[in-house]
Amino acid sequence: MVQQMYRVFFVVLFCFLAACGRDDATTTQSISPQTQTAGSAAYVDGERIRDADTEPQNWLTHGRDYGEQRHSPLKKINTDNVSRLGLAWYKEYPTRRGLQATPLVVDGVMYTTGPWNRVYALDAATGEQIWEYDPRVPAEQLRFACCGISNRGVAVWKGRVYEATLDGRLIALDAKTGEPVWEVQTTPPDEPYGITGAPRVVNGKVVIGNSGSEFGVRGYVTAYDAETGEQAWRFYTVPGNPAEGFESPAMEMAAQTWSGEWWQYGGGGTAWDAFAFDPDLNLLYIGIGNGGPWSRHARSEGRGDNLFLSSIVAVNADTGEYVWHYQTTPGDSWDYTATQPMILADLEIDGEERKVLMQAPKNGFFYVLDRETGELISAENIVPVNWATHIDMETGRPVIPEENFYDDGPVWIRPGPIGAHNWKSMSWHPGTGLVYIPVMETFFIYGHDEEFEFVDGLWNLGQDPALITPGAPLPPPPDWPTSAHLAAWDPVAQEERWRIPRKGLWNGGVLTTAGNLLIQGASDGNLYVYRADNGEELWSMPVQTGIIAAPVTYEVDGEQYIAVNAGWGGTWSLIMGAKPAMDEPLANDRLLVFKLGGDETLPPTPQPEPVPEPPPLDVSMEQVKKGAVLYNEICYVCHGFNAHSGGTIPDLRYMSPESHDLFMDIVLDGILSANGMVSFADVLSEDDAEAIHAYIIHRANEDWKDQQSDSE
């Protein structure tokens, strides 16, 4: 079982979910003859998005404009009056699973998503609900969802709202009523794909990627006709089996950089988040993810750049035809995705105005590219790194010591797979000339699993599981910190101007405004507003939960608002069991909206339930040790490493007597399948499940004793 550690890495083992069961979603496309006209609800077209600065009262697309700058020209809320900011209204959800969505606002109506891909249309001034749509995502889809049930929002276009669901559907809704217009299954329903990213609409086409690299899938991006749902084009991000031919010259080119029979593992390269669009160049920019498995040794016989993994690829927005690419991490073996947000801007560099694309992917460097050609203009590290010594400006490639591919033994690498910057949005402020980046300093030990065997549909990383199990022999370097901060980065000089330290690693995306404001939510349970020019704190408010989503701002009837989805969750809380850096109990997920003079108050957070005394441990320590290995192979990705819960799902140390009695039925018989907890009898024997149960009871008793000692 130790050898199966990462094969089942993100399988949901004990998801005791509060959600009810869901019917299977339809996989057929239903086309409505309905036609939208100018003047109807959410009638947004390319001209409006392109000219977003002329109507700053709206937030029309995921990054506000096509360049994803996340900077607003609004300035009625500014450094002089922001101290008067207060809560205007809020919407509470019946979950504590995390919120990541960026709300869109069009002509006074807000469109956003909550947990389980539910879509809401709200009065943006009052919060009154106009309609709600539930796509009824099957709960068992969680088995193929790496990071919980969150998603990053919707797109709007010509009277319709588009959302992509966790089970791979793209759905068009009538913006006025919330009724479905058409639906298409964008992923094979019998393969372990998922979708967490927000769609974008360019040139009348809805663009969406997917996720699932570690489960053995092949990445691609698809564009659908926004009116009918018919597929317009598809761009594969990694090559398939050469014997079956190549879909394009780009795939034939990419195949030359792979070795072995990578297609049997899917290859990965899923585009699960970032897109940007330049309408003048008619180029769509795609951020592409890591390989599957992680280890190039397991994936490609230890050779090759493995295009287009961890790359930015520019394609023709009308046809999906390849134009250029830049690979941030050739031969990626560290989960260094390039799916992180991209920003398009015009910068003066060496006396010349350049059309640039900027990105800070997971690998710790900040890149400035010429977005017309893909030429690397500059790259510098935003955190200490050791996977590469530097970026060679003559070749445009990182200089990677060969031992860092860990073919010959384990190596501590920084940053780790959570990255120096993850999916949290950056912002570009044209007034200050700075990019604001939520930054993390992390590290991880990588080592190839010599006994690795690919298992279709399960988690496959090719990593040595013994390296992170209890008693692992290789401690990290003692002088490597784990920390986080908000960095103000000068993209021309390629240097940090100043930073704001954070208490916890997992913090929210960023918004800037023409009012000289810099706004970010944090894991310490506060929403913060700073001066954008120097980082001086101007205002903050506790919101009773960690914030990981990005704020937006908009205006209705002459009044400016700031909105943010607040809810702790995602990878860091699930895998590491990390709670927000706050002492209070977590509140439910909420959408929070602020304005000057707002006087709404949040209800008090519920007091935590008393911790039940755990059952006595009446098994051998050998069984506990076996259970510890199994738990930290399989269970920790949802319930936290060493049974430390992140607060988003129930803590297994505090199970009720009834749950203890039903433990084997839940794990092996799948009696909670309707809630997403399917049977794992295919990967766990009865002895294995009993050992895991023994370990959980052991950990519960350990922490119970500590709690009693602290209270005495």
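## As for the overall build of the protein
And then number 1: Helices and strands together make up the secondary structure of the protein, namely 8 helices and 39 strands.
And then number 2: Burial analysis of the protein (712 residues in total) assigns 65% to the buried set.
And then number 3: Once local pairs closer than 6 in sequence are excluded, the contacts in the protein between residues at least 24 apart make up 65%.
And then number 4: Carbon and sulfur atoms form 47% of the exposed surface of the protein, whose accessible area is close to 24900 Å².

## Quick word on the sheet that holds strand S10 (residues 180-185)
And then number 1: Read from one edge of the open sheet, 4 strands run S7-S8-S9-S10, paired in antiparallel fashion. Each edge of the open sheet is held by one strand with a lone partner, namely strand S7 (155-157) and S10. Here the strands of the sheet are splayed against their neighbours by 20 degrees on average, with no regard to which way each runs.
And then number 2: Pairing geometry for strand S9 (residues 169-174) and S10, over 5 bridges, is antiparallel. Following the sheet pairing, Leu 170 is matched in S10 by Val 184.

## Section: the sheet that holds strand S14 (residues 231-236)
Within a beta sheet, neighbouring strands are joined by backbone hydrogen bonds and run either parallel or antiparallel to one another.
And then number 1: Across the sheet, 4 strands lie side by side as S11-S12-S13-S14; this open sheet has antiparallel pairing. A single partner strand is all that each edge strand has here, and the edge strands are strand S11 (200-202) and S14. Between one strand and the next, the sheet's axes are offset by a mean angle of 25 degrees, whatever the strand orientation.
And then number 2: Two strands pair when backbone bridges link them, and S11 and strand S12 (residues 205-208) are joined in this way by 3 bridges, in the antiparallel orientation. Across the sheet, residue Val 201 finds its bridge partner in S12, namely Val 206.

## Thoughts on unusual backbone geometry
And then number 1: Residue Phe 308 is bonded to the preceding Leu 307 through a cis peptide linkage, with omega at 0 degrees.
And then number 2: Mapped onto the elements, Phe 308 comes out in the loop between helix H3 (296-300) and strand S19 (311-316).
And then number 3: One non-glycine residue, Gln 544, lies in positive phi territory at about 75 degrees.
And then number 4: Mapped onto the fold, Gln 544 is located in the loop between strand S36 (537-542) and strand S37 (552-556).
And then number 5: The phi dihedral of Asp 557 falls on the positive side, at around 50 degrees, and the residue is not glycine.

## Quick notes on the packing of aromatic side chains
And then number 1: Applying the stated criterion across every chain, the model contains 31 aromatic pairs.
And then number 2: Ring geometry for Trp 294 versus Phe 444: centroids 6.5 Å apart, planes at 75 degrees, classification edge-to-face. You can see Trp 294 sitting in the loop between strand S18 (291-292) and H3 and its partner Phe 444 sitting in strand S30 (residues 444-446), a full 150 residues away along the chain.
And then number 3: Residue Phe 444 is classed as buried on the basis of its relative accessible area of 16%.
And then number 4: With 6.0 Å between their ring centres and 85 degrees between their planes, Phe 365 and Trp 387 make a pair best called edge-to-face. Of this pair, Phe 365 sits in strand S23 (residues 365-370) while Trp 387 sits in the loop between strand S24 (376-381) and strand S25 (391-392), and the two are 22 residues apart along the sequence.
And then number 5: Under the relative-accessibility criterion, Phe 365 is labelled buried at 2%.
And then number 6: Residue classification places Trp 387 among the buried positions, given a relative accessible area of 0%.

## Topic: the nonpolar core
Note that soluble globular proteins tend to have their nonpolar side chains buried in a common cluster.
And then number 1: Ranked by size, the top nonpolar core spans 95 residues in total, and within it Met 110, Tyr 111, Tyr 554 and Phe 594 carry the most contacts.
And then number 2: Setting aside anything within four residues of it in sequence, one finds Phe 594 in contact with Leu 85, Gly 86, Leu 87, Ala 88, Leu 527, Trp 539, Met 541, Val 543, Gln 560, Tyr 561, Ile 562 and Val 564.
And then number 3: Leu 283, Trp 334, Ile 391 and Tyr 446 belong to the second-largest nonpolar core, a separate cluster that totals 56 residues.

## Notes on the pattern of salt bridges
And then number 1: Evaluated as defined, the whole model comprises 29 salt bridges.
And then number 2: One salt bridge in this structure joins Glu 495 and Arg 497, with 2.5 Å as the shortest N-O distance.
And then number 3: For Arg 497, a relative accessible area of 42% translates into the label partly exposed.
And then number 4: Salt bridges sharing common partners tie together Arg 48, Glu 55 and Asp 107.

Basis of the calculations
- Residues numbered from 1 in each chain as written.
- Predicted model: local features only at pLDDT ≥ 70, side-chain atom pairs only at ≥ 80, totals over all residues.
- Heavy atoms only, no water.
- Helix = DSSP H or I, 4+ residues; strand = E, 2+ residues; numbered from the N terminus.
- Buried < 20%, exposed > 50% of the residue type's maximum accessible area, 1.4 Å probe, protein only.
- Contact = heavy atoms within 4.5 Å.
- Areas by Shrake-Rupley, 256 points an atom, 1.4 Å probe, with all protein chains shown as cover.
- Pairing = 2+ DSSP bridges.
- Axes fitted to C-alpha atoms, helices over the stretch in contact; angles between N-to-C directions.
- Phe/Tyr/Trp six-rings, centres within 6.5 Å; stacked < 30°, edge-to-face > 60°.
- Core = buried A, V, L, I, M, F, W, Y, C linked by side-chain atoms within 4.5 Å.
- Salt bridge = Lys/Arg side-chain N within 4 Å of Asp/Glu carboxyl O.

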